[in-house]
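# Structural overview
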Amino acid sequence: DTEVTQTPKHLVMGMTNKKSLKCEQHMGHRAMYWYKQKAKKPPELMFVYSYEKLSINESVPSRFSPECPNSSLLNLHLHALQPEDSALYLCASSRSGGGQGLAGGPVDTQYFGPGTRLTVL
Amino acid sequence: AQKVTQAQTEISVVEKEDVTLDCVYETRDTTYYLFWYKQPPSGELVFLIRRNSFDEQNEISGRYSWNFQKSTSSFNFTITASQVVDSAVYFCALSDPNAGNNRKLIWGLGTSLAVNP
């Protein structure tokens, strides 16, 4: 079972709203990811959590706030977004969480959820 | 510099034609991983294949096949007897050697495949 679920599927919010995106996996994966994808572009990495700790923040604006309550859940809290933040937000997970072995070790497959289409008005 | 080039932005074929999607990569690493993902209009990125740099065997999975050639730094993807359901954007990706175990990927820009009935 390689299923990653995301809720909601669609979200429309105003620039003053606060909302959250949710991601869940039950594959026992120890790394989870948030990506942002604009139309006709590849996904852009935002955050990586390894063993429930934030390991990569790709200089994402503070209006995006990730949270990993446990090894199965990943949230993305949104506040005071701009219209240019409208995009498809994808969550992914991979088996091992990093911190094991040396750089250049085996790279596990990332499995993606269906995404949340976010529109900021 | 690490880079993935998918030179074909859009491809349009008629059903049952064979089609090859090109992927050329650049890396300074001797150990690396390559991936192909499919993204249908629904948006979900679907994993297709993962290949490490030590395994140059070609792979076939049903109508899909992959040709990995280190000599030309290419990892091309062929769909045989294409079907309308193959219509999607296909991304090739390369593991980032700077990312250690944190699993960053370097993505190509994608090839949009339209299979017409």
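## Describing the overall build of chain A
Across its full length, chain A holds 0 helices and 11 strands. Taken from N to C terminus, the helices and strands of chain A fall in the order β-β-β-β-β-β-β-β-β-β-β. In terms of overall dimensions, chain A is globule-like: its C-alpha atoms have a radius of gyration of 14 Å, near the 14 Å expected for 121 residues. With the C-alpha coordinates aligned to their principal axes, the bounding extent of chain A is approximately 45 × 30 × 30 Å. Considering only intrachain contacts with a sequence separation of at least 6, the fraction spanning at least 24 residues in chain A is 58%. Within the structure as shown, chain A displays about 5900 Å² of accessible surface, and the carbon and sulfur contribution to it stands at 52%. For chain A, the distance from the average position of its 13 positive side-chain charges to the average position of its 10 negative side-chain charges is 6 Å.

## A few points about the overall build of chain B
Looking only at helices and strands, chain B has 0 helices and 12 strands in total. Mapped in sequence order, the helices and strands of chain B form the string β-β-β-β-β-β-β-β-β-β-β-β. In terms of overall size, chain B behaves like a compact globule, its C-alpha atoms giving a radius of gyration of 14 Å where 117 residues would be expected to give roughly 13 Å. Considering only C-alpha atoms, chain B reaches an extent of 45 × 30 × 20 Å along its principal axes.

## Topic: the environment of Ser-65 of chain A
All names here are of chain A. You can see Ser-65 is positioned in strand 7 (residues 64–70). Here Ser-65 falls in the partly exposed class, since its relative accessible area comes to 33%. Sequence-wise, Ser-65 and Ser-55 are 10 residues apart; in three dimensions their C-alpha atoms are separated by 14 Å. The contacts of Ser-65, once residues within four sequence positions are left out, are Asn-75, Leu-76 and His-77.

## What to know about the confidence of the model for chain A
Residues with a pLDDT of 70 or more make up 91% of chain A, whose mean pLDDT is 90. This stretch, residues 99–104 of chain A, has a pLDDT under 50; its non-local contacts, to residues over four places away or in other chains, come to 8 contacts.

## A closer look at the sheet that holds strand 7 of chain A
Residue and element names in this part refer to chain A. The 4 strands lie next to each other as 1-3-8-7, forming an open sheet whose pairing is antiparallel. Each end of this open sheet is capped by a strand with a single partner; those strands are strand 1 (4–7) and strand 7. Averaged over neighbouring strand pairs, the angle between their axes works out to 20° when direction is ignored.

## Notes on unusual backbone geometry
Residue Pro-8 of chain A follows Thr-7 of chain A across a cis peptide bond; omega there is -10°. Along the chain, Pro-8 of chain A falls in the loop between strand 1 and strand 2 (10–13). Even without a glycine there, the phi angle at Ala-80 of chain A is positive, about 55°. With respect to the helices and strands, the residue Ala-80 of chain A is situated in the loop between strand 8 (73–79) and strand 9 (87–94). Residue Lys-16 of chain B is not a glycine yet carries a positive backbone phi of 85°. Inspection of the secondary structure assignment puts Lys-16 of chain B in the loop between strand 2 (10–14) and strand 3 (19–21).

## Some points on the state of the cysteines
All names here are of chain A. In total, this model carries 2 disulfides over all chains according to the counting rule given. Sulfur-sulfur distance for the disulfide between Cys-23 and Cys-91 comes to 1.8 Å. Across the disulfide from Cys-23 to Cys-91, rotation about the S-S bond amounts to roughly -70°, and the bridge is consequently left-handed. Of this pair, Cys-23 sits in strand 3 (residues 18–25) while Cys-91 sits in strand 9; the two residues are 68 residues apart in sequence, bridging distant segments of the chain.

Conventions we followed
Residues numbered from 1 in each chain as written. Chains lettered and ligands numbered in written order. Predicted model: local features only at pLDDT ≥ 70, side-chain atom pairs only at ≥ 80, totals over all residues. Heavy atoms only, no water. Helix = DSSP H or I, 4+ residues; strand = E, 2+ residues; numbered from the N terminus. Rg over C-alpha atoms; globule rule 2.2 N^0.38 Å. Contact = heavy atoms within 4.5 Å. Areas by Shrake-Rupley, 256 points an atom, 1.4 Å probe, with all protein chains shown as cover. Lys, Arg positive; Asp, Glu negative; His and termini not counted. Charge placed at Lys NZ, Arg CZ, Asp CG, Glu CD. Buried < 20%, exposed > 50% of the residue type's maximum accessible area, 1.4 Å probe, protein only. pLDDT = per-residue confidence, 0-100. Pairing = 2+ DSSP bridges. Axes fitted to C-alpha atoms, helices over the stretch in contact; angles between N-to-C directions. Disulfide = S-S within 2.5 Å.

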